[in-house]
Amino acid sequence: MTNTSESRDSADGLPPLLSVGRPRGLLTGTRAAAVELYRSRELVRRLIAKEIKSRYKDSYLGVVWSLFRPIIQLAIYYVFIGHFLGAARAIPDFAIFIFAGLTAWTFFNEVVSGGTASIFANAGLVKKIYLPREIFPITSLGAGLFNFAIQFAVLTAATVLFGVFPLHWAIFYVIPAVLILAVYGLALGMLLGAINVYLRDTEHLVEIALMLMFWASPILYSLSFVNGAIGGTVLEPIYLANPVTTAIVSMQKAMWIAGSQDPAQFWPADLDLRLAVTLAVGFVFLWFAQRMFSRLQGNFAQEM
Amino acid sequence: MPSDPLPLVVDVDHVTKDFTTHVAKSIKERIVNVFRLRRASSRFRALDDISLQIRQGETVGLVGHNGSGKSTLLKVIGGIIDASTGAVRYRGRLAALLELGAGFHPDLTGRENIYLNASVLGLSREHTEAVFDDIVAFSGLSSEFIDTQVKFYSSGMYVRLAFAVAVHSDPDILLVDEVLAVGDERFQVKCMAKIRDFQAAGKTIILVSHSADQVADVCTRTIVLERGRMIFDGDVFDGIRELRDSYERSRFAEAAETRDSADGVGSGEVEMIGVDVLDAAGEPLKYVSAGQDIVIRVKARVISATPWVTGFTLYNSTGQFVYLLNTVGLGLELPPEPGEYVVDFALAGVNFGSKRLVISAGATTPNGTPLANLNYAAEFDAEPDRHGAGFLRFDVRGEVRSTSAPSQ
């Protein structure tokens, strides 16, 4: 009974008069939203559980299905692209390489597309009950994290199976990778989810943008190909500035031991600095997205 | 504890809400609209400078026509939509019952939905666990259904469970929007009983309702909205009268609009001029006391010679037929020559039970073919009946005596 008793302890024994809606200030608004969201953590937890449960409800295999998709995907890329197309010749341990990138990408993809659709998907709640509406994109993040954990477990199992378990210090690169994807994914999910209420085309636009982004990140091909094609030109720093690329490279650095030990592979210079800057920019972006969201959410109920 | 004025719990301060209604929603349409100079949207004011203070323990009925802004006001108070200008402040925990089961997910079981819905309404898990059995008991669901997915529920079960969760969320301020109009009669009785429990516990309730009876039944104060403006704030019965007046105004306005077409009735031999309600001395009357003698004067003009009859009909404020009288019933012959006539219908010792009565007058040929009609020609209020309710009133009294055998 933490927060309720707190708010009841005003001078005359009455709860204080609180304003409806949020302060418009840049910092006070963020603080108010953070407090509200912290108080709603129980609800967020339940909504995430609902999201996961309802996805596989009534299917016999349930959550096992979320294992199948990545495993089949892994097999396709490994067999058809790796061996038939010959991508595996230039990339050692191609299956691990691809799966490391895919795991990261799937997570990001799910958070962004889920977040974009989340406000509409919860129209019933948004129109009828006041809640800090950020919880809906956050729920997408939570559900995405859950699926990521499963995929990551599959990935780890695969490294053990292939005898290339990443027993090295670089395994800690997983942390900034996940953080960057989570921060950017949530920020984009929030922003796009809010815009989608006003402009229904956003959802379709996001679908296409994500497809582009998938191919613009070193998931199916390694960074060495990029370096070979556009290395030294002005395009290379632009390509590398993509935060998703940075996160995916970081993920590969951690999980793809054959690559991180292979001198033929290209790794961007100052990866640590890149990660730090990307993450810092990401937090600023997240703050900005939340401010935008806060402004736009006041009219959600009437726009839907 | 300061005694006299109860603490303020809801403070609505000069709230205005403008809606923008979009015509276009897709990018293509918006781009096309950029090139047109006018924007493809129109603004309308749903709430116009509303200020009100609600104190602890009050039950406020928000009433008004469809589109008067009452639901919008409730949503602004509940924080579901932001006000364009102005501010709303409140004290304590607020729960909005705008739709039962808003947070229900069809694929989850009743049990899972209770927990989910409770946390949507702001309840902690410990609290939900503590009241879980009460919720199930109140909903009247059997234990086997609690662990069934709610998509298999009947709509009645669904609503009952949702209401049960909502009322157990224990708010300090309860916002209710028409949700009491759902469910069967027995369930509605249960809902109203729960609302009274809330009142007894000193909670504040703000209720949106179309039903004047419901407002009269539970509210301690009425706020009447008309086209976004607050036109009345105060006593329940005055408020309901104000609401009826407001209904009446719009109905008169509508009738005036359609009057031209109504004049198309008949071939123009007779024209209705108007109706007056008079007392026995011939003075105009707005308020009729019980047992009073009144005269209803119908004024008409005969344009071309024709045999005709005239009469009037009384309706109550909801348009139900109350009484009809015409010259045929009185055995009164009307002169067929052209000219203006007044026809007086004297009613001795009226005993109307309806509060507001509306008069329509008309003329027909002796075999019933309509010649002219005048709807909503006049209105008057009858003295409220403090004892009974209905179309009629009587001098009533009661007594009680024992019929069991006297015990020595």
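Small disclaimer: the values here were computed from a predicted structure and weren't measured.

On to the overall build of chain A, then. Scanning chain A from N- to C-terminus turns up 15 helices and 1 strand. Overall, chain A is about 75 × 50 × 40 Å in size when its C-alpha atoms are taken along their principal axes.

Next up on the list: the confidence of the model for chain A. Residues and elements named next belong to chain A. Mean pLDDT for chain A: 87, with 96% of residues reaching 70 or above. Within chain A, no element has a lower average pLDDT than helix H1 (residues 2–8), which sits at 37, and none a higher one than helix H8 (residues 174–198), at 96. Overall, residues 1–11 carries pLDDT values under 50, and its contacts beyond four positions in sequence, including any with other chains, amount to 6 contacts.

Turning to the environment of Gly25(A), a few remarks are in order. Along the chain, Gly25(A) falls in the loop between strand S1 (17–19) and helix H2 (26–39). Along the backbone, Gly25(A) and Leu145(A) are 120 residues apart, and their C-alpha atoms lie at a distance of 31 Å.

Among the nonpolar cores identified, the biggest contains 148 residues, and Ala104(A), Leu181(A), Leu62(B), Ile77(B) and Leu175(B) are the most heavily contacted of them. Broken down by element, the residue count for this core peaks at 16 residues, all from H8(A). Judged by nonpolar contacts, the second largest core, of 31 residues, contains Val298(B), Val358(B), Leu371(B) and Ala377(B).

As a further point, take the sheet that holds strand S3 (residues 59–64) of chain B. To summarise the sheet geometry, strands pair through backbone hydrogen bonds and adopt either a parallel or an antiparallel arrangement. Residues and elements named next belong to chain B. Spatially, the 6 strands line up as an open sheet ordered S5-S6-S7-S3-S8-S9, and their pairing is mixed. Of all the strands in the sheet, the pair left with one neighbour each is strand S5 (94–97) and strand S9 (229–234). For this sheet the average axis-to-axis angle between neighbouring strands, irrespective of direction, equals 15°. Summarising the sheet, strand S6 (residues 173–177) and strand S7 (residues 204–208) pair through 5 bridges and their orientation is parallel.

Counting residues at the interface gives 33 residues for chain B, matched by 28 residues for chain A. Contributing elements (two or more residues each) for the side of chain B that touches chain A: strand S1 (8–22), helix H2 (70–77), strand S4 (85–91) and helix H3 (110–120) of chain B. Considering each element in turn, the side of chain B that touches chain A owes the most residues, 5 residues, to S4(B). Across the side of chain B that touches chain A, the residue classes break down as 16 nonpolar, 8 polar and 9 charged.

Turning to the packing of helix H4 (residues 65–84) of chain A against helix H5 (residues 94–121) of chain A, a few remarks are in order. When two helices pack together, their arrangement is given by the angle between the helix axes and the distance between those axes. Residue and element names in this part refer to chain A. Contact geometry of H4 with H5 gives a least axis separation of 10 Å together with a crossing angle of 130°. The angle between H4 and H5 places the two elements in the oblique class. Crossing geometry of H4 relative to H5 is assigned as right-handed. Of the residues in H5, those touching H4 at Gln73, Leu74, Tyr77, Tyr78 and Gly82 are Phe94, Ala95, Ile98, Phe99 and Leu102. Residue composition of the contact of H4 with H5, grouped by class: 8 nonpolar, 2 polar and no charged.

The next subject is the pairing of S7(B). Residues and elements named next belong to chain B. With respect to burial, S7 is a largely interior element, 5 of its 5 residues being buried. Burial along S7 is two-sided: the residues Thr204, Ile206 and Val208 and Ile205 and Leu207 are all buried. Both S3 and S7 contribute to a ladder of 4 bridges, which runs parallel. When the sheet's bridge partners are listed, threonine 59 is paired in S7 with isoleucine 205.

Let us now look at unusual backbone geometry. For Asp270(A), which is not a glycine, the phi torsion comes out positive at approximately 55°. Here Asp270(A) is to be found in the loop between helix H13 (257–260) and helix H14 (271–297).

A word on the domain arrangement of chain B. Taken domain by domain, chain B holds domain 1 (8–245) and domain 2 (268–382). Distance between the C-alpha centres of domain 1 of chain B and domain 2 of chain B: 44 Å.

Bringing helix H4 (residues 125–139) of chain B into the picture now. Residue and element names in this part refer to chain B. Taken as a whole, H4 carries its principal kink of about 50° at valine 131. Buried positions along H4 lie against H3 and helix H6 (155–167). Looking one or two residues past H4, glycine 140 carries a phi angle of roughly 75°, positive in sign.

Right, let's talk about the environment of Asp147(B) for a bit. All names here are of chain B. By the secondary structure assignment, aspartate 147 is in the loop between helix H5 (143–146) and H6. By C-beta crowding, aspartate 147 is classed as exposed, having 10 other C-beta atoms within 10 Å. The contact partners of aspartate 147, leaving out residues within four places of it in the chain, are Thr109, Gly110 and Arg111.

All names here are of chain B. Reading across from one edge, S10-S12-S15 is the order of the 3 strands in this open sheet, with antiparallel pairing throughout. Each end of this open sheet is capped by a strand with a single partner; those strands are strand S10 (270–279) and strand S15 (339–347). Ignoring which end each strand starts from, the neighbouring axes of this sheet average 20° apart. Bridging between strand S12 (residues 294–302) and S15 involves 9 bridges; their strand directions are antiparallel. Of the residues in S15, the one forming a bridge with isoleucine 296 is phenylalanine 345.

Turning next to the packing of H5(A) against helix H12 (residues 243–255) of chain A. Residues and elements named next belong to chain A. The contact between H5 and H12 brings their axes to 9 Å, and the two run at 140°. With respect to H12, the axis of H5 lies oblique. Once H5 is placed against H12, the crossing between them reads as right-handed. In this structure, H5 contributes Ile96, Phe97, Ala100, Gly101, Ala104, Trp105 and Phe108 to the contact, and H12 contributes Val244, Ala247, Ile248, Met251, Gln252 and Met255. When the residues that make up the contact of H5 with H12 are grouped by side-chain class, the tally is 11 nonpolar, 2 polar and no charged.

Moving on, we come to the confidence of the model for chain B. Confidence in the prediction of chain B, expressed as mean pLDDT, is 83, and 88% of residues score 70 or more. Per the prediction output, this complex has pTM 0.74; the corresponding ipTM is 0.77.

Residue and element names in this part refer to chain B. Examined against the element boundaries, leucine 121 turns out to sit in the loop between H3 and H4. Leucine 121 gets classed as buried once you count the C-beta atoms within 10 Å, which come to 23. Through-space distance from the C-alpha of leucine 121 to that of glycine 61 is 22 Å; in sequence the pair is 60 residues apart. When residues no more than four places from it in sequence are discounted, the contact partners of leucine 121 are Ala95, Val165, Ala166 and Ser169.

Cut-offs applied
- Residues numbered from 1 in each chain as written.
- Chains lettered and ligands numbered in written order.
- Predicted model: local features only at pLDDT ≥ 70, side-chain atom pairs only at ≥ 80, totals over all residues.
- Helix = DSSP H or I, 4+ residues; strand = E, 2+ residues; numbered from the N terminus.
- pLDDT = per-residue confidence, 0-100.
- Contact = placed C-beta atoms within 7 Å.
- Core = buried A, V, L, I, M, F, W, Y, C linked by C-beta atoms within 7 Å.
- Buried ≥ 20, exposed ≤ 12 C-beta atoms within 10 Å, placed from the backbone.
- Pairing = 2+ DSSP bridges.
- Axes fitted to C-alpha atoms, helices over the stretch in contact; angles between N-to-C directions.
- Nonpolar A, V, L, I, M, F, W, Y, C, P; charged D, E, K, R; others polar.
- Parallel < 35°, antiparallel > 145°, perpendicular 65-115°, else oblique.
- Left-handed = near helix turned anticlockwise from the far one by under 90°.
- Domains from an automatic or database assignment.
- Bend = angle between axes of the 7 residues up to and from the residue.

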